[in-house]
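Listed below, chain by chain, are the residues.
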Amino acid sequence: KAGVTQTPRYLIKTRGQQVTLSCSPISGHRSVSWYQQTPGQGLQFLFEYFSETQRNKGNFPGRFSGRQFSNSRSEMNVSTLELGDSALYLCASSLEGPEQYFGPGTRLTVT
Amino acid sequence: QKEVEQDPGPLSVPEGAIVSLNCTYSNSAFQYFMWYRQYSRKGPELLMYTYSSGNKEDGRFTAQVDKSSKYISLFIRDSQPSDSATYLCAMSETSYDKVIFGPGTSLSVIP
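Because the structure is a prediction, the values reported are computed rather than measured.

Considering the overall build of chain B
Item 1. Counting its secondary structure elements, chain B contains 0 helices and 11 strands.
Item 2. Start at the N end of chain B and walk to the C end: the helices and strands fall as β-β-β-β-β-β-β-β-β-β-β.
Item 3. Against the compact-globule benchmark of 13 Å for 111 residues, chain B has a radius of gyration of 13 Å, which places it among compact chains.
Item 4. Per-residue burial over chain B gives 42% buried out of 111 residues.
Item 5. Taking the average location of the 10 positive side-chain charges in chain B and that of its 12 negative ones, the two points are 4 Å from each other.

Structure, rendered in structure tokens:
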């Protein structure tokens, strides 16, 4: 069974731009969660989608948004990028229960 | 005080040693506990998953949960250089709640 895939793997953007990241979960998994990982803050929860509905939300500003499609694929959007948004963005899927399976991440650099 | 705490290390041990990794937490409502391993530039990989208190063993890995002390541990027996990675504990209140991660402990197993 294929794992979680994320695209693109690497991205360089300029301050003020917006970016969209994509995640395809493991087949059959209906929950997709997004995390931001930085050396200083560790793994921070952004939000979780389940059956196209946002089920949980972390403490990030409204510039961070997401959605989930009927095939469980998910996208995350960050508008008006700031230097501090440079991070590894990880997507994780789960079938049921809290055990999650992570993708390889998208490394975003904001200049 | 952070919700989940881990000693960041780095922890350096000789090959073959028994490694003990620990997390403490403040939220007594946590019931689901996970351990993840993350290699450099990769997404976290689920190692162990336990519910409530008790022990769980899987090969060289043993997870322990002591809810009365709000303390969880991961033991690695006969450690190998390939175990060198960052180990993250994670926990949640319910099977559908957001998952909170510890900051991670960096482990280096020296041949």
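Notes on the pattern of salt bridges
Item 1. Scanning all chains against the criterion turns up 8 salt bridges over all chains.
Item 2. For Glu 57 of chain B, the salt bridge identified is with Arg 77 of chain B, shortest N-O distance 3.4 Å. Of this pair, Glu 57 of chain B sits in strand S6 (residues 54-58) while Arg 77 of chain B sits in the loop between strand S8 (71-76) and strand S9 (85-92); the two residues are 20 residues apart in sequence, bridging distant segments of the chain.
Item 3. Relative accessible area serves as the criterion here: at 58%, Glu 57 of chain B is assigned to the exposed category.
Item 4. On the accessibility criterion, Arg 77 of chain B (28% relative accessible area) is partly exposed.
Item 5. Through salt bridges with shared partners, one network takes in Arg 63, Glu 82 and Asp 85 of chain A.

With respect to the interface of chain A and chain B
Item 1. Contacts between the two partners involve 20 residues from chain A and, on the opposite side, 18 residues from chain B.
Item 2. Summing both partners gives a buried area of about 1600 Å² for chain A against chain B, and 55% of it is carried by carbon and sulfur.
Item 3. Interface area lost by chain A to chain B is led by Leu 43, Pro 98 and Phe 102 of chain A, which between them contribute 31%.
Item 4. Counting across the chain A and chain B interface gives 0 salt bridges.
Item 5. Between chain A and chain B we count 3 residue pairs in polar contact (both at pLDDT 80 or more) in total.
Item 6. Contributions of two or more residues to the side of chain A that touches chain B are made by strand S4 (31-38), strand S5 (42-50), strand S6 (53-57), strand S9 (87-94) and strand S10 (101-102) of chain A.
Item 7. Grouping the constituent residues of the side of chain A that touches chain B by class yields 9 nonpolar, 5 polar and 6 charged.

Rules used throughout
- Residues numbered from 1 in each chain as written.
- Chains lettered and ligands numbered in written order.
- Predicted model: local features only at pLDDT ≥ 70, side-chain atom pairs only at ≥ 80, totals over all residues.
- Heavy atoms only, no water.
- Helix = DSSP H or I, 4+ residues; strand = E, 2+ residues; numbered from the N terminus.
- Rg over C-alpha atoms; globule rule 2.2 N^0.38 Å.
- Buried < 20%, exposed > 50% of the residue type's maximum accessible area, 1.4 Å probe, protein only.
- Lys, Arg positive; Asp, Glu negative; His and termini not counted.
- Charge placed at Lys NZ, Arg CZ, Asp CG, Glu CD.
- Salt bridge = Lys/Arg side-chain N within 4 Å of Asp/Glu carboxyl O.
- Contact = heavy atoms within 4.5 Å.
- Buried area = accessible area lost by both parts, 1.4 Å probe.
- Polar contact = N/O pair within 3.5 Å; in protein donor to acceptor, adjacent residues only side chain to side chain.
- Nonpolar A, V, L, I, M, F, W, Y, C, P; charged D, E, K, R; others polar.

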